[in-house]
Structure formats: structure tokens, C-alpha cells
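# Residue-level structure breakdown
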Amino acid sequence: MMSLLIIIVILLLLGGGIWGWPLVAGALGLSSVTDKAGALRHIVQLMNTYDITLSDIRIAEDEAAMASTTTSKRSKGDIAKTLFAYLGAIFIFAGVATYVSTFWDSMGSVMRILVTLGIGYVLLVVLVSALHENKFPKLILPLTLACVFMMSGGWFVFIHELFPQGNDWRVAALFVFGVMTLHQGALFARYRRTVLLFTALCFTYSFMDVGFDLLGFLFGWTAVILGASLFLVGTALEKTAHHRSLAEPALLVGLCWMNSGLFDRLAAFSSANWASVITGLCICLAAYGMHKAQRHPRLIALGYFFGSLMAYAGLFDLVQESPVELLFLAVTASVLYICVVLQSRALLFTTVIAMLSFIGYFTGKHFAHSLGWPVTLVLIGVAFLGVGAIAIRVKKNI
């Protein structure tokens, strides 16, 4: 059951990321548009990310107008029908779940398999029928998720009941993930739905992860290999017409997975602080590549934010209590210039926090009871403000 828990956690992370990281990106300031020029830049980034043309925008406007007309004509009977359909599905699921949880201990092996794997295959038949008829497109997503959940759990129950003395969960997980990969891959090859591609990728990479573990691969190398391959898959998904919505989650998970493996291997070969600096720089470079391509603005903000945090934390740990402590302040000042050039609020936020934190640390260590040091800091700040104002005036006159 541990592998089933891993699948649920992965689905929650990916699904939560789809709705969660726009909020994080907005908190970092990337999506906060304050003027017309910023709005236009954001629109251009979105058009580059999703290969949108002006003709596509015109078509979308026409479709939106038609959809609003259709929605206004929607009858109350259709709304009631949809409402009762949702209520019926919820009560059916609640009834089955209550029955299974109440009588699980008193069930025999065959009954346990029937109420898990059997229901999963019944849902699979319903899903295939819905895909083939294509009359209820909104039911495809919940049916697919329910089918995947019940079938994967049912296969684990089947193996546990058939081999109760098995002591290696990885073998069971490898079998279940392999079977589910074949199921979802075959469905995707036939019906080309995005949700089927999503589940197929989840089970494929779960299968490969467990397989590498059985072969004795270290976690770091496995993460680097699978993360890099998933990043390439995300890059390929960008070029597709119907599955581009999966590109951003695939790139995010691939980058996180690959860099976690990179950090693990670097920490094993050298030290954690050097691993943090190098991994943070790699994440920032990946974000810079997307920045130059003007694609995936949310990933750019997250990359700059977490990459710079890792780099600053590792660098401070390296220079702390050493003769070159002030190197940290010089690095943050240099990155501050880069923030202005790149116009990245996420990178600016972490850089300002790092600079202020270091000044506070340095003041507490060397000038704890000195009146001249705070005055000096204020005068330096006023001087920088004056230089900035002069530079703006000079730029206007050029």
C-alpha cells in the first residue's frame, strides 16, 4: 500500500501545483500587472508560450460570444439534470466506500478483490464507453481519475491477497505500475485525451523509478535521469496542439526532480553548501533560458525565486566566519543589477532579503554598539538614491 500512497502524493502534488503555483507566482509579483505596458508584455509572453496568433484571438472572441449566447439560453432543466447527476455520483461513491470500510475485515479474499479491482474494471468499461460515444465530455476527467484510483488500489489488493507473505513492496509496485502504464497508454493511443496522457506519464515514470531502485541505482542518479527525460518530454509537449497544457507541469516536475538528484550527488561528492550554490545556479540558468524564450512566466518566477534562495543560502554558509565574508554583499549587489536588467521581481525580492539579512548579521557581529555604523548606512543609502535620480535625468536627456 506504500506505493499507492506514493501515487496519491504525486497526483496531489501535480494537481495542487496546477492550481497552486499561479498563486505563488502572483505573490512573487510576476502576474501583478500595474500598467498597460506590463499587460502587453504579459500578453506577448502568453502568446509565445502557447503559440497564439492574432487570428486565434479573433476566433476565440467569436466563440466566446457564441458561448455566452448559448449559456444564456440554457434551460433550468439542464441545470437540474447536471446537479442531480453530480449528487447521484457522490452518493454512489459514498455508499461503496462506506460498505468497503465497514465490512472489510469480515470479507474474504475474493470479495475484497471484487469490491476494489472489480469496481475498477467496471469503471474502465464505463470510461471506454464514454470515450467512444463522446456524448459526455465533462465526465471523462472524473471517470478517469476514479478508474485509475480503483484499479491501481485493486491490483495492490489482488497481489496482497494472492501473495500475503511477500516482503518486497517494490516488486508489487513494479507489476502494478507496469499494468497501469499499459492500460493508460493503450487508451491514450486510441482516444488521444490529455488526462489519459497525464495518467500514462505518471505510471510510466513511477514504473521506471521503482525499476531503477530494484536495479540498485542511487537516488541521485535516478532523479537526474528521470528528471532530465521528463524535462525533454515537457519540451516536446510544448510543440503539440492538444496537450500543451501538460508542458508546464512536466517542466516543473522535471526540473525539481533533476535538480534534487543533482543536489544529492554534489552533496555526496563535495559538501552541502557547494551543492546548494551549484544547484541554485542551475535552476536560475534554466529560468533565464525560459526568460529569453519568453515562455512560461510562472516557471520563470519560481525558478528565480527558489534558485536564488538556494544559491544565497549555500554562498553564505561558505563565506561565513571567513576573511571573505564581504564577498556575499558584493555578490548580492551584482545580482541586484541583474534584477534591474531582467526586470524580475522574484529575483529582486530574494536579493533584497539576502542583502538586508547579511547587513543585519554583519552589524550584529562587528558594530553591535556603534552609533557611527547606522549613520554610515543611512548616508550610503541616500547617496545611492541621489545617484539613481541623477542617472534617470541623464537618461532622459540622452
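## What to know about unusual backbone geometry
Of note in the backbone geometry, arginine 192 takes a positive phi value of approximately 55° without being a glycine. Relative to the helices and strands, arginine 192 is located in the loop between helix H7 (169–191) and helix H8 (194–214). Not every positive phi belongs to a glycine, and histidine 296 is a case in point at roughly 55°. Relative to the elements of secondary structure, histidine 296 occurs in the loop between helix H11 (272–293) and helix H12 (297–319).

## Some points on the packing of aromatic side chains
If you walk through the whole model with that rule in mind, you get 14 aromatic pairs. Between tryptophan 155 and phenylalanine 158, the ring centres sit 5.4 Å apart and the planes meet at 80°, which makes this aromatic pair edge-to-face. Of the two residues, tryptophan 155 and phenylalanine 158 are both situated in helix H6 (residues 140–162); the distance of 3 residues between them amounts to about one turn of the helix. On the basis of relative accessible area, phenylalanine 158 is assigned to the partly exposed category, the value being 25%. Judged by centre distance (5.3 Å) and plane angle (35°), the rings of phenylalanine 328 and phenylalanine 358 are tilted. With a gap of 30 residues between them, phenylalanine 328 in helix H13 (residues 326–342) and phenylalanine 358 in helix H14 (residues 345–366) connect regions that are remote in the sequence. The residues phenylalanine 328 and phenylalanine 358 share a single accessibility class, namely buried. Among the aromatic residues, those joined into a ring-pair cluster are Tyr121, Trp155, Phe158 and Phe175. The residue whose ring lies beneath arginine 265 is phenylalanine 269, and the NZ or CZ to ring-centre distance is 5.7 Å.

## A short note on the packing of H6 against H7
Packed helix pairs are characterised by how far apart their axes lie and by the angle those axes make with each other. Remark: H6 packs on H7, axes separated minimally by 10 Å, with the N-to-C direction vectors making an angle of 145°. Handedness of the crossing formed by H6 with H7: right-handed. Across the interface between the two elements, Thr144, Val148, Met151, Ser152, Trp155, Phe156 and Ile159 of H6 pack against Ala172, Ala173, Phe175, Val176, Val179, Met180, His183 and Gln184 of H7. Split into classes, the residues belonging to the contact of H6 with H7 amount to 11 nonpolar, 4 polar and no charged.

## Some details on the packing of helix H9 (residues 219–238) against helix H10 (residues 247–269)
Taken N-terminus to C-terminus, the directions of H9 and H10 make an angle of 155°; their axes are 7 Å apart at the nearest point. With respect to each other, H9 and H10 are oriented roughly antiparallel. Our pair here, H9 against H10, has a crossing hand that is left-handed.

## Looking at helix H5 (residues 109–133)
The terminal C-alpha atoms of H5 lie 35 Å apart, and with 25 residues this matches the ideal 36 Å at 1.5 Å per residue to within 8%. In the structure, H5 departs most strongly from a straight axis at valine 115, where the bend amounts to approximately 30°. Among all positions of H5, only Arg112, Ile113, Val115, Thr116, Leu117, Gly120, Leu123, Leu124, Leu127, Ala130 and Leu131 are buried. Note on H5: the residue one or two positions beyond its end, asparagine 134, has a positive phi of about 60°.

## Some words on the environment of cysteine 202
Within the secondary structure, cysteine 202 sits in helix H8. With a relative accessible area of 13%, cysteine 202 lands in the buried category. Sequence-wise, cysteine 202 and glutamine 184 are 18 residues apart; in three dimensions their C-alpha atoms are separated by 9.8 Å.

## Description of a nonpolar patch on the surface
Together, Leu215, Phe217, Leu218, Trp221, Ile225 and Phe269 make up a nonpolar patch on the protein surface, roughly 640 Å² of accessible area in all. With respect to the helices and strands, the residue isoleucine 225 is situated in helix H9.

## A few points about the confidence of the model for the protein chain
Overall, the predicted model of the protein chain reaches an average pLDDT of 79, with 76% of residues at or above 70. Ranking the elements of the protein chain by mean pLDDT puts helix H1 (residues 2–27) last with 45 and H8 first with 92. Low confidence marks residues 1–32, where pLDDT is under 50. Its contacts with residues over four positions away, or in another chain, come to 43 contacts.

## Some words on the pattern of salt bridges
Here the structure, examined in full by the defined rule, presents 5 salt bridges. A salt bridge links aspartate 168 to arginine 170, with the nearest nitrogen and oxygen atoms 3.2 Å apart. Overall, aspartate 168 belongs to the partly exposed group, its relative accessible area being 29%. Since its relative accessible area comes to 24%, arginine 170 is described here as partly exposed. Glutamate 248 is the partner of arginine 298 in a salt bridge, and the nearest nitrogen-oxygen pair spans 2.4 Å. Note that arginine 298 is positioned in helix H12 and glutamate 248 in helix H10, a separation of 50 residues in sequence.

Basis of the calculations
Residues numbered from 1 in each chain as written. Predicted model: local features only at pLDDT ≥ 70, side-chain atom pairs only at ≥ 80, totals over all residues. Heavy atoms only, no water. Helix = DSSP H or I, 4+ residues; strand = E, 2+ residues; numbered from the N terminus. Phe/Tyr/Trp six-rings, centres within 6.5 Å; stacked < 30°, edge-to-face > 60°. Buried < 20%, exposed > 50% of the residue type's maximum accessible area, 1.4 Å probe, protein only. Lys NZ or Arg CZ within 6 Å of the ring centre and 35° of its normal. Axes fitted to C-alpha atoms, helices over the stretch in contact; angles between N-to-C directions. Left-handed = near helix turned anticlockwise from the far one by under 90°. Contact = heavy atoms within 4.5 Å. Nonpolar A, V, L, I, M, F, W, Y, C, P; charged D, E, K, R; others polar. Parallel < 35°, antiparallel > 145°, perpendicular 65-115°, else oblique. Expected span 1.5 Å × (residues − 1). Bend = angle between axes of the 7 residues up to and from the residue. Patch = residues over 30% accessible without salt bridge, like charges linked within 9 Å, V, L, I, M, F, W, Y side chains within 5 Å. Areas by Shrake-Rupley, 256 points an atom, 1.4 Å probe, with all protein chains shown as cover. Salt bridge = Lys/Arg side-chain N within 4 Å of Asp/Glu carboxyl O. pLDDT = per-residue confidence, 0-100.

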